[in-house]
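Fold and contact review
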Amino acid sequence: MEGQRVEVDGGIMEGGGQILRVSTALSCLLGLPLRVQKIRAGRSTPGLRPQHLSGLEMVRDLCDGHLEGAEIGSTEITFIPEKIRGGIHTADTKTAGSVCLLMQVSMPCVLFAASPSELRLKGGTNAEMAPQIDYTMMVFKPIVEKFGFKFDCDIKMRGYYPKGGGEVIVRMSPVKQLDPINLTDRGSVTKIYGRAFVAGVLPLKVAKDMAAAAVRCIRKEIRDLYVNIQPLQESRDQAFGNGSGIIIVAETSTGCLFAGSSLGKRGVNADKVGIEAAEVLLANLRHGGTVDEYLQDQLIIFMALANGISRIKTGPVTLHTQTAIHFAEQLAKAKFTVKKSEEEEDASKDAYIIECEGIGMANPHL
């Protein structure tokens, strides 16, 4: 097998945890032994962090694989995957490391398991530098399910920076193959809604201020739609520690979903947090794409595995997306093209079509 091992440079392009997630998931799915070097080489704290480690260990466990070099601060790992199995799999970052990122690495793998899976993921549910769990539920889930599978996500406990302590349970059944997707028609915005939350000791007024500031910001640009952002206090038995934040989702006539979100931080006033989320949403509505900048890269691995040609229209292609494409091509041998959208309505916009000929991965167990 030694000759078949795939070598990945963890320091190129995005140069962070994302390379690790994409390459280990594909290694696990394709049965390719993998070595990743220069992991997070350019980061202020190079090497594996607790969150990356728990993701790696989870993938190892769900395929009974062999993992070397997996410790905090390590910049090189070797992974030899075996057969993917269903059942109950647990991952705990023991920090505020994101449960959503744990889901990103494990979900593609268990789709091709022999039996249904339950993923018990512990860490931060609403953490910086990662999708919030509300984004995963409100935007990622309905869109990714267009690939022809369903999953169930149960938020047992919310966890925030720096304590973590959150837990979600994801349940899903395996598929024979994934269907390709075609998301090229954006339609018009029909609804804007969201949630502004506080947890722990923070007063509800903070959530109300975030929501009100966000609504005012959106109204300046979109006048004819009712913007429904609910301020809420997370219940004590479902939230660990203190936190606040907001997510706003726009839905279109063709079922496209876009989001803007932001988390409260010490010393940042609530209005500013609300406005930031609103501005991110508005920016994602201007480029004419059918997915927002956060969904782009999360769809690449599914497009690469699907049975047929997928197309998505996006705004400017992010570094994360370019990175995911690079490794999907290197490891899975999927074929991607990215070109400027030539449709008339996009002439003045920065819109692109990402097309992929998927490899038609088939589940060997079904």
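Since this is a predicted model, take the numbers as computed values, not measurements.

1. Let's talk about unusual backbone geometry
- The step from Tyr161 to Pro162 runs through a cis peptide bond, and the omega angle for that step is 0°.
- Assignment of secondary structure puts Pro162 in the loop between strand E7 (151–159) and strand E8 (166–172).
- A positive phi angle, close to 65°, is found at Lys333, a residue other than glycine.
- Relative to the helices and strands, Lys333 is located in the loop between helix H8 (319–332) and strand E16 (335–340).

2. A few points about the sheet that holds strand E15 (residues 309–314)
- One open sheet accounts for four strands, arranged E9-E15-E17-E16; its pairing is mixed. Strands with a single pairing partner mark the edges of an open sheet, and in this sheet they are strand E9 (182–183) and E16.
- For E15 and strand E17 (residues 352–357), the ladder comprises six bridges, and the chain directions are antiparallel. Bridge pairing in E17 links Ser310 to Cys356.

3. Overview of the packing of aromatic side chains
- Enumeration over the complete set of coordinates arrives at six aromatic pairs.
- On the basis of an interplanar angle of 50° and a centroid distance of 6.4 Å, the ring pair of Phe140 and Phe302 is categorised as tilted. Taken together, the residues Phe140 in helix H4 (residues 133–144) and Phe302 in helix H7 (residues 293–305) connect sequence positions 162 residues apart.
- A residue is classified by how much of its surface remains accessible, and Phe140, at 5% relative accessible area, is buried.
- Here Tyr160 and Phe197 contribute two aromatic rings whose centre-to-centre distance is 5.8 Å and whose plane-to-plane angle is 25°, an arrangement assigned as stacked. In this pair, Tyr160 is assigned in the loop between E7 and E8 and Phe197 in strand E10 (residues 189–199), connecting sequence segments 37 residues apart. Each of the two residues, Tyr160 as well as Phe197, counts as buried.
- Sitting above the plane of the Phe240 ring, Lys163 keeps its charged end 5.8 Å from the centroid.

4. A closer look at helix H5 (residues 204–221)
- Look at H5: 27 Å from first C-alpha to last across 18 residues, which is about the 26 Å you get at 1.5 Å a residue.
- Of all the residues in H5, the buried ones are Ala207, Met210, Ala211, Ala213, Ala214, Val215, Cys217 and Ile218.
- Where H5 is buried, its residues meet E10, strand E11 (227–233), strand E13 (243–252) and helix H6 (270–286).

5. Notes on the pattern of salt bridges
- One pass over the structure, following the stated rule, counts 27 salt bridges.
- For the salt bridge of Glu76 with Arg35, the shortest nitrogen-to-oxygen distance reads 3.6 Å. Of this pair, Glu76 sits in the loop between strand E3 (66–68) and strand E4 (77–80) while Arg35 is found in strand E2 (residues 34–37), placing the two residues 41 residues apart along the sequence.
- A salt bridge links Lys156 to Asp154; its shortest N-O distance comes to 2.9 Å.
- On the basis of relative accessibility, which here comes to 39%, the residue Lys156 falls in the partly exposed class.
- The network of salt bridges with shared partners includes Arg5, Glu7, Arg35 and Glu76.

6. Quick word on empty space enclosed by the protein
- Using the criterion set out here, one finds two cavities of 30 Å³ or more in the structure.
- What lines the largest cavity is a set of 15 residues, among which Val22, Gln104, Asp297, Gln298 and Ile301 lie closest to the centre.
- Sorting the residues of the lining of the largest cavity by element identifies helix H1 (17–30), helix H3 (99–110) and H7 as the ones contributing at least two each.
- A total of five residues in the lining of the largest cavity trace back to one element, the largest contributor, which is H3.
- Looking at the lining of the largest cavity residue by residue, the classes come out as 10 nonpolar, three polar and two charged.
- Each pocket or cavity is described by its volume, and for the second largest cavity that value is around 90 Å³.
- Every residue along the wall of the second largest cavity is listed here: Leu20, Arg21, Thr24, Gln51, His52, Gly55, Leu56, Ser98, Leu101, Leu102 and Val105.
- Elements with a contribution of two residues or more to the lining of the second largest cavity: H1, helix H2 (50–62) and H3.
- When residues in the lining of the second largest cavity are grouped by element, the largest group, four residues, is from H2.

7. Section: the pairing of E11
- Alignment of E10 against E11, held across seven bridges, turns out to be parallel. Paired with Ala196 across the bridge in E11 is Pro231.
- A crossover links E10 with its parallel partner E11, the connecting element being H5, and its sense is right-handed.

8. As for the sheet that holds strand E5 (residues 87–92)
- Sheet architecture is open: five strands sit in the order E5-E6-E8-E7-E12, paired in mixed fashion. Edge positions in the sheet fall to E5 and strand E12 (239–240), since each has one partner strand and no second.
- Of the pairings in the sheet, the one linking E7 to E12 comprises two bridges and is parallel in character. In the strand pairing of E12, Gly159 is matched with Phe240.

9. Remarks on the UniProt feature "binding site: ATP" (unreviewed entry) in the protein chain
- Summarizing the sequence annotation, UniProt attributes the feature "binding site: ATP" (unreviewed entry) to Gln104, Tyr294, Leu295, Gln296, Asp297 and Gln298 in the numbering used throughout. Taken along the chain, the residues just named run across 195 residues; in space they keep tight, none of their C-alpha pairs more than 12.9 Å apart. Lining residues of the largest cavity drawn from the annotated list: Gln104, Asp297 and Gln298.
- Tracing the sequence through the fold places Leu295 in helix H7.
- For Gln298, the location among the structural elements is in helix H7.
- The exposure class of Gln298 is buried, given its relative accessible area of 7%.
- With sequence-adjacent residues up to four places away left out, Gln298 is seen in contact with Gln104, Pro131, Tyr135 and Phe140.
- One polar contact links the side chain of Gln298 to the main-chain carbonyl oxygen of Tyr294, over a distance of 2.9 Å.

What counts and how
Residues numbered from 1 in each chain as written. Predicted model: local features only at pLDDT ≥ 70, side-chain atom pairs only at ≥ 80, totals over all residues. Heavy atoms only, no water. Helix = DSSP H or I, 4+ residues; strand = E, 2+ residues; numbered from the N terminus. Pairing = 2+ DSSP bridges. Phe/Tyr/Trp six-rings, centres within 6.5 Å; stacked < 30°, edge-to-face > 60°. Buried < 20%, exposed > 50% of the residue type's maximum accessible area, 1.4 Å probe, protein only. Lys NZ or Arg CZ within 6 Å of the ring centre and 35° of its normal. Expected span 1.5 Å × (residues − 1). Contact = heavy atoms within 4.5 Å. Salt bridge = Lys/Arg side-chain N within 4 Å of Asp/Glu carboxyl O. 1 Å grid on protein atoms, 1.4 Å probe; cavity = no way out; pocket = protein on both sides within 12 Å on 5 of 7 lines; lining within 4 Å. Points joined across faces, edges and corners; volume = space filled by probe spheres on them. Nonpolar A, V, L, I, M, F, W, Y, C, P; charged D, E, K, R; others polar. Right-handed = clockwise from strand over helix to strand, strands pointing away. UniProt positions renumbered as here; feature names shortened; annotations may be inferred. Polar contact = N/O pair within 3.5 Å; in protein donor to acceptor, adjacent residues only side chain to side chain.

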